Amino acid sequence: MKKVTVFILALAMFIGVLFPTAGLAGIDEDLEKVLVMARQKFDIPQDLEFTYSVYTRDGKQLWNLRWYDKEKNDKSLDISIMEDGTVVSYYQYKWKEYKGKRIPLISEEEARIKAEEFIERINPGILKKVQRIDNKYSYSFGNTTHYFRYVRMENGIPYYNDFIQINVDNTTGEINSYQFEWSNNVKFPEPKNIINMEKAQEAYIRDLGLDLVYMHYIDNEEIKIFPVYTPIYSNDYVINAFTGEKIKLNENIVITFDERLYGNTVEKAMLQDAAGENGIVLSPEEVAAIEQGAKFLTQKEAEKVVRNNTLLEVSDDMRLGYSSFTKVYYSDDEYRWNLSFTNKEEGRDSYDYARVVLDAETGEILGYSKYSWSASDTTTVEKEPVYNREQARQKVEEYLNKLNPEKFSKTEYMERYNGTAVDKTRYQKFIYTRKVFDVPFPGNDIIITYDCVEGKVIEFSITWFNAFFPSVRNAIGFEKAYDSLFDEIGLELQYYRPMYFQIYLSPDAKISGGVATPEVKYEAKLVYLLKTDKPWYIDAFTGSVVNYDGSVYETKLPVQYQDIEDSYAKEEIEILARYGISLKGDKFYPKSNITQWDFFSYLAPALDNYYGPIIPLREATDDKSKNELYNFLTREGIITEEEWSPESNVTREDAVKYIIRALKYENIAKFSHIFKVGFKDQGEISEGLLGHVAIASGLNIINGKTERFRPKDFLTREETAVMIYNLLKRD
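Because the structure is predicted, anything quoted here is derived from the model rather than measured.

Reading the values: rules and limits
- Residues numbered from 1 in each chain as written.
- Predicted model: local features only at pLDDT ≥ 70, side-chain atom pairs only at ≥ 80, totals over all residues.
- Heavy atoms only, no water.
- Helix = DSSP H or I, 4+ residues; strand = E, 2+ residues; numbered from the N terminus.
- Contact = heavy atoms within 4.5 Å.
- Phe/Tyr/Trp six-rings, centres within 6.5 Å; stacked < 30°, edge-to-face > 60°.
- Buried < 20%, exposed > 50% of the residue type's maximum accessible area, 1.4 Å probe, protein only.
- Lys NZ or Arg CZ within 6 Å of the ring centre and 35° of its normal.
- Arc of directions from axis to C-beta.
- Axes fitted to C-alpha atoms, helices over the stretch in contact; angles between N-to-C directions.
- Parallel < 35°, antiparallel > 145°, perpendicular 65-115°, else oblique.
- Left-handed = near helix turned anticlockwise from the far one by under 90°.
- Salt bridge = Lys/Arg side-chain N within 4 Å of Asp/Glu carboxyl O.
- pLDDT = per-residue confidence, 0-100.

Caption draft 1: Here's a closer look at the side chain of S177. With respect to the secondary-structure elements, S177 resides in strand β8 (residues 175–181). Aside from chain neighbours lying at most four places away, what touches S177 is Y90, Y91, Q165, I166 and N167.

Caption draft 2: Region of the structure containing the packing of aromatic side chains. Enumeration over the complete set of coordinates arrives at 41 aromatic pairs. Ring geometry for F325 against Y335: centres 5.4 Å apart, planes inclined by 20°, an arrangement best described as stacked. In this pair, F325 sits in strand β15 (residues 319–327) while Y335 sits in strand β16 (residues 335–342), placing the two residues ten residues apart along the sequence. Assessed through its relative accessible area of 14%, Y335 is described here as buried. Where Y368 meets F460, the ring centres are 5.8 Å apart and the plane angle is 35°; that geometry is what we call tilted. Here F460 lies in strand β22 (residues 456–463) and Y368 lies in strand β18 (residues 365–374), a separation of 92 residues in the sequence. Of the two residues examined, Y368 and F460, each falls in the buried class. Put simply, the rings of Y214, Y329, Y330, F441, F465 and F469 pair up and form one aromatic cluster. The positively charged end of R149 is found above the aromatic ring belonging to F163, 3.9 Å away from the centroid.

Caption draft 3: Broad picture of helix α7 (residues 299–308). Those residues of α7 not exposed but buried are A302, E303 and V306. The arc enclosing the buried residues of α7, seen along the axis, measures out at 100°, which places them on a common side. Opposite the packed face of α7, turned more than 90 degrees from it, sit the exposed residues K300, K304 and N308. Where α7 is buried, its residues contact β15, β16 and β17 (350–359).

Caption draft 4: Focus on the packing of helix α15 (residues 652–662) against helix α18 (residues 717–729). Contact geometry of α15 with α18 gives a least axis separation of 12 Å together with a crossing angle of 25°. Classified by the interaxial angle, the pair formed by α15 and α18 is roughly parallel. Between α15 and α18 lies a crossing whose hand is right-handed. The residues of α18 that touch α15, namely those facing R652, A655, V656 and I659, are E719, M723 and L727.

Caption draft 5: View of the pattern of salt bridges. If you walk through the whole model with that rule in mind, you get 41 salt bridges. Notably, a salt bridge pairs D207 with R206, separated by 3.1 Å at the nearest N-O pair. The partly exposed category is assigned to D207, whose relative accessible area is 25%. Overall, the relative accessible area of 56% leaves R206 in the exposed class. Between K435 and E412 there is a salt bridge whose closest N-O contact spans 2.8 Å. In this pair, K435 sits in strand β20 (residues 427–436) while E412 sits in strand β19 (residues 411–413), placing the two residues 23 residues apart along the sequence. Bridged by salt links that share partners, the residues E643, D654, K657, R661 and E666 form one connected network.

Caption draft 6: View of the confidence of the model for the protein. In the predicted model, the protein carries a mean pLDDT of 85, and the fraction of residues at 70 or more is 83%. Confidence, expressed as mean pLDDT per element, reaches its minimum in the protein at helix α1 (residues 4–18) with 39 and its maximum at strand β26 (residues 538–539) with 98. Contacts for the low-pLDDT stretch residues 1–27, under 50 throughout, to residues beyond four places or in other chains number 22 contacts. Note that residues 501–520 has pLDDT below 50 and, in this model, 35 contacts with residues that lie over four places away or in other chains.

Below you can see the structure in the form of structure tokens.
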């Protein structure tokens, strides 16, 4: 039954369309206008609940309209539309059953046509102003949509700030979502007299440049350190396309802290750290067992270390409130004491919090925070700093030379890791980066904050790995690193809109609660900057582009086979490859018989419950990878241990047997006497496999239109492709 409110609204809209002057009684005229525009553009169901909200964007009203099924909650429609009728976003949700891995019923090309028809209908002419970004990569079975992105082009140059993004359901062909970002008040300078790419590269080397640094990756408590060449400034600084000069892309976010807001954050962090939330917390029994070893400090010994350190403001009246003994997540044998002190008591009008982190073996102080509160301090006006940034830095360095001279001597204050700071503000933070073999290691540092009003250190943390650092003596050098950067990653000429904004976090400032609306000035700049489709890490020894974990970056393009032009399964082979289902090498050998190992390595990625090894099966050559696959197949009941024979050829009936087992139809298929197949050679099918063949034929996994099945023939590689393709296309 239709909801009364929806019926009334629908009726009112119907009357409003036919008789615009009648209006909608009781409904705002602006809402009436956008609702009519929405229904003119979209087919909106009449049996849904309706709600809306309205905001101001760039001085115009933005209406968020929502229709939804309140009872079943199985469908909804959200449309955001500007007062002038511009559709900013569209999102449609309809529940549908997940049927496992399937090749889409709608091809990418069919989806593209539907997407562009939708775009042209709701925003006529806009496709002439954008360029589609090609999807060259492999698809994923986890995706239920075809994804398309269009970027705005001005003077043949991309402007990535503005774009169209649209998703098409790959089963129904319906538009699932649409997003439109477009700036109407941006001026684009003509690309006249700009420097060419060669000059831009020279300017990049001269004014921006690479740095040789150490990076790290933690895997199963093992720290892997590796050197890379990486941009000094990321894309914070770029090359002006007209002058070749270095310019800052965006102005820094300047944050002015209110003391009490800062204190609340520190207090929360203290309590979290003291409770062991940032590490693995051991039980009291486990702590007691570990303390028995002479290697670690007891809690009392740790507390004594803290109280004896005059650099830490832990007064005698501050009692130990919380403590935890935690294991460092990246090490087998490193532990930390986290101690929290306070003199807070009921009725007291002022109190202090302090949190200290110590190495549980050596007693080395690795972290400290101090926060004080007083009921008498009710002012909301920022106190005038006594020290500027340079003076605060001098005080901080004096402090660190006393606290930990050995580690501090192995660090360097580097502007690129500290950013652009305000000269006079209450809290000044400094980052000192560790250097090994004179190479920066941004993953290890000393971070310290100085209160420029009170004139004291209020917090610091020391991150320092005990790990092996490979020598960089044989690094390729900067010249070859730049060759790799420009050849493998590259610069791109594009328009970019800088943003200038400032955030105030004091109660009497422009905003409250730490949320800010940027004050934006739209002015596009024409710049050269690094492309962003690959990681910006160059292996220091090979010159290869690597990922954040040091592994070689690979563009996951579908395999392109060189020998399938004359294969009747060419289309199936290529579609499977697009989804990451392929066989090793650039030749498929379609007419060759397939081995059991190749059959299963080809089939496994198509199975719903197989997530595979890290190394793709088609590239695996070692026994460990093979055993991993076979163990999975055996656990799933797809093959028995007695049937393991990786190098043997697979017959057609055995291939069907394995597939039916994978579909969990084995218990049905074993009742062979209830099945019939139309093949003339069904008498040649092995006893007990007639049901398997019948089910496979019924699901169109094998072609039931041919007269003969040829059960004992060896399966060819192209026949395997067709079987797997049909498996993924079944209803």
